[in-house]
Amino acid sequence: MQNAQAQAVRAFYFDGKTSRRHAVELTVTAGLASISGEAQRQAPLDELRVSERVSSATRKVTFADGAYLEIIDLDAFAALLASTGHADSLVVRMQQSWRTVWQALAALVLILVLGYLYVLPAASGWIANALPESVERRIGGSTLEFLDQRVFTASTLSPAQQASIDSRFRALEPPRQGAPAFQIIFRKSKIGPNAFALPSGDILVTDELVRLLDDDDALMGVLAHELGHLHNRHLMRRLIQVSAIGATATLLFGDVSTLIATIPPLLLDLKYSRDIELEADDYAIAMFKANGISLTKLARTFEKLDSQPAAFSPYLSTHPPSKERIARILQAQAG
């Protein structure tokens, strides 16, 4: 508020010490605000605080000692403010404009979408790599315990067949250094042919998938794909994205028990993004090439899975093969 001609504005004055109100008039002259009537007082304009304009709500003028005015005549007060050169802040002006509100809402939606598409995946990767191994092992162990109680039973594959598959895969060279420690676990499943990796390093393979593929090379392709998920920490990245900010805060700073309780059911319905699936495919491709195994066998693995009805093979819902991915593997073979 700057200098202005005297212009009376009706208001109630409260001294800040009692609840008694005083009917007064506010005027401004030569940079000095004065009240007269049931109470008298003067104060320099630069010592006063004017409340923000909010629709037709009562406005207040507060003195340095906590006393204040409740304005009665809002129109006259607005004219007085204008005559002093007082202007609302940018935020207040924006709040009074529906056009600006809608523009701000559109900008917020755009920021949230871009954050989900680009910032959250990048942040989840950083967080997953920063998490201690103990957190991942605890999550994986709890998830396996949950699945063994509700989904899996003991494998009916012979110990010799299990050992043969395990030793065959361990004999393969990973496509790059730093491959995580892993354990292949066989289970008979109530949900049919499936395979997936847990963040603890466990790769779950069902008896039904082994019998469906009926080919060691084909099974190596599935295992290589799952090892790719482990090596790139895809599961932790995806869990962090799905659980978003609350889970991230819990993982980094608090008790992980709440998050762990939600992971087993989530895992059964967890779908990787197209980019993550392609990244795991690239890992399997590189692993087959590094060990001199024909990529045609890898393509046939997915062709065989793709030929099964989705209702028959849950693997198709959590790791959906597609003609595009098969073509990509064959193109890598040709290259």
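Residues numbered from 1 in each chain as written. Predicted model: local features only at pLDDT ≥ 70, side-chain atom pairs only at ≥ 80, totals over all residues. Heavy atoms only, no water.

Draft legend 1. Layout of the overall build of the protein chain. Secondary structure assignment for the protein chain yields 13 helices and 11 strands. A total of 335 residues make up the protein chain; the buried ones form 43% of that total. When contacts within the protein chain are restricted to residue pairs at least 6 apart in sequence, long-range pairs at least 24 apart make up 62% of them. In the structure as shown, the protein chain presents an accessible area of about 17400 Å², 55% of it carried by carbon and sulfur atoms. (Helix = DSSP H or I, 4+ residues; strand = E, 2+ residues; numbered from the N terminus. Buried < 20%, exposed > 50% of the residue type's maximum accessible area, 1.4 Å probe, protein only. Contact = heavy atoms within 4.5 Å. Areas by Shrake-Rupley, 256 points an atom, 1.4 Å probe, with all protein chains shown as cover.)

Draft legend 2. Structural detail: the pairing of strand S7 (residues 68-71). Burial along S7 is one-sided: Leu 69 and Ile 71 are buried, while Tyr 68 and Glu 70, pointing the other way, are not. Note: strand S1 (residues 9-14) against S7, four bridges, orientation antiparallel. If you follow Tyr 13 over to S7, its bridge partner there is Leu 69. Strand direction decides the pairing type here: strand S6 (residues 60-62) and S7, joined by three bridges, are antiparallel. Opposite Lys 60, over in S7, you have Glu 70 as the bridge partner. (Pairing = 2+ DSSP bridges.)

Draft legend 3. Inspection of the sheet that holds strand S11 (residues 202-206) at higher detail. Judged by pairing direction, the sheet is mixed, and its four strands sit side by side in the order S8-S9-S11-S10 without closing on themselves. Because the sheet does not close on itself, it has two edges, and the strands there are strand S8 (152-154) and strand S10 (195-197). Neighbour-to-neighbour, the strand axes of the sheet open up by a mean angle of 40°, direction not taken into account. Relative to strand S9 (residues 183-189), S8 runs antiparallel, the two sharing three bridges. (Axes fitted to C-alpha atoms, helices over the stretch in contact; angles between N-to-C directions.)

Draft legend 4. Structural detail: the packing of aromatic side chains. Enumeration according to the criterion identifies four aromatic pairs in this entry. Between Phe 152 and Phe 196 the ring centres are 6.4 Å apart and the planes differ by 25°, which places this aromatic pair in the stacked class. Remark: Phe 196 occurs in strand S10 and Phe 152 occurs in strand S8; sequence separation between them is 44 residues. A cation over a ring is seen here: Arg 41 above Phe 63, with NZ or CZ 4.4 Å from the ring centre. The residue whose ring lies beneath Lys 60 is Tyr 68, and the NZ or CZ to ring-centre distance is 4.3 Å. (Phe/Tyr/Trp six-rings, centres within 6.5 Å; stacked < 30°, edge-to-face > 60°. Lys NZ or Arg CZ within 6 Å of the ring centre and 35° of its normal.)

Draft legend 5. View of the environment of Phe 152. Of the residues examined, Phe 152 reaches a relative accessible area of 5% and is grouped as buried. Residues Phe 152 and Ile 191, spaced 39 residues apart in sequence, show a C-alpha to C-alpha distance of 8.5 Å. What Phe 152 contacts, discounting residues up to four positions off in sequence, is Leu 147, Arg 187, Lys 188, Ser 189, Phe 196, Leu 204 and Thr 206.

Draft legend 6. Here's a closer look at the pattern of salt bridges. Following the criterion strictly, the structure yields nine salt bridges and no others. Its salt-bridge partner being Asp 148, residue Arg 187 comes within 2.8 Å of it at the nearest N-O pair. Of the two residues, Arg 187 sits in strand S9 while Asp 148 sits in helix H4 (residues 133-150), which places them 39 residues apart along the sequence. For Arg 170, the salt bridge is made with Asp 166, and the minimal N-O distance between the two is 2.9 Å. (Salt bridge = Lys/Arg side-chain N within 4 Å of Asp/Glu carboxyl O.)

Draft legend 7. Examining the confidence of the model for the protein chain more closely. Per-residue confidence for the protein chain averages 78 on the pLDDT scale, and 69% of its residues sit at or above 70. When pLDDT is averaged over each element of the protein chain, helix H5 (residues 159-170) comes out on top at 95 and helix H9 (residues 257-268) at the bottom at 50. Below a pLDDT of 50 lies the segment residues 1-5, which in the model reaches 20 contacts outside its immediate sequence neighbourhood of four places, other chains included. (pLDDT = per-residue confidence, 0-100.)

Draft legend 8. Broad picture of the sheet that holds S1. A sheet is described by the order of its strands in space; here seven strands give the open sequence S4-S3-S2-S1-S7-S6-S5, paired in antiparallel fashion. Each end of this open sheet is capped by a strand with a single partner; those strands are strand S4 (41-44) and strand S5 (49-50). Each of S1, strand S2 (22-29), S5, S6 and S7 touches helix H1 (residues 74-84); the most contacted strand, S2, lies at about 25° to it.

Draft legend 9. Expanded view of the packing of helix H7 (residues 216-231) against helix H10 (residues 274-290). Two elements in contact, H7 and H10, have axes whose closest approach is 8 Å; the angle formed by their N-to-C orientations is 125°. The angle between H7 and H10 places the two elements in the oblique class. Judged by the twist between their axes, the crossing of H7 over H10 is right-handed. For the pair H7 and H10, the contacting residues are Asp 217, Met 220, Gly 221, Ala 224, His 225, Leu 227, Gly 228, His 229 and His 231 in the first and Ile 276, Glu 277, Ala 280, Asp 281, Tyr 283, Ala 284, Met 287 and Phe 288 in the second. Within the contact of H7 with H10, the residues separate by chemical class into nine nonpolar, five polar and three charged. (Parallel < 35°, antiparallel > 145°, perpendicular 65-115°, else oblique. Left-handed = near helix turned anticlockwise from the far one by under 90°. Nonpolar A, V, L, I, M, F, W, Y, C, P; charged D, E, K, R; others polar.)

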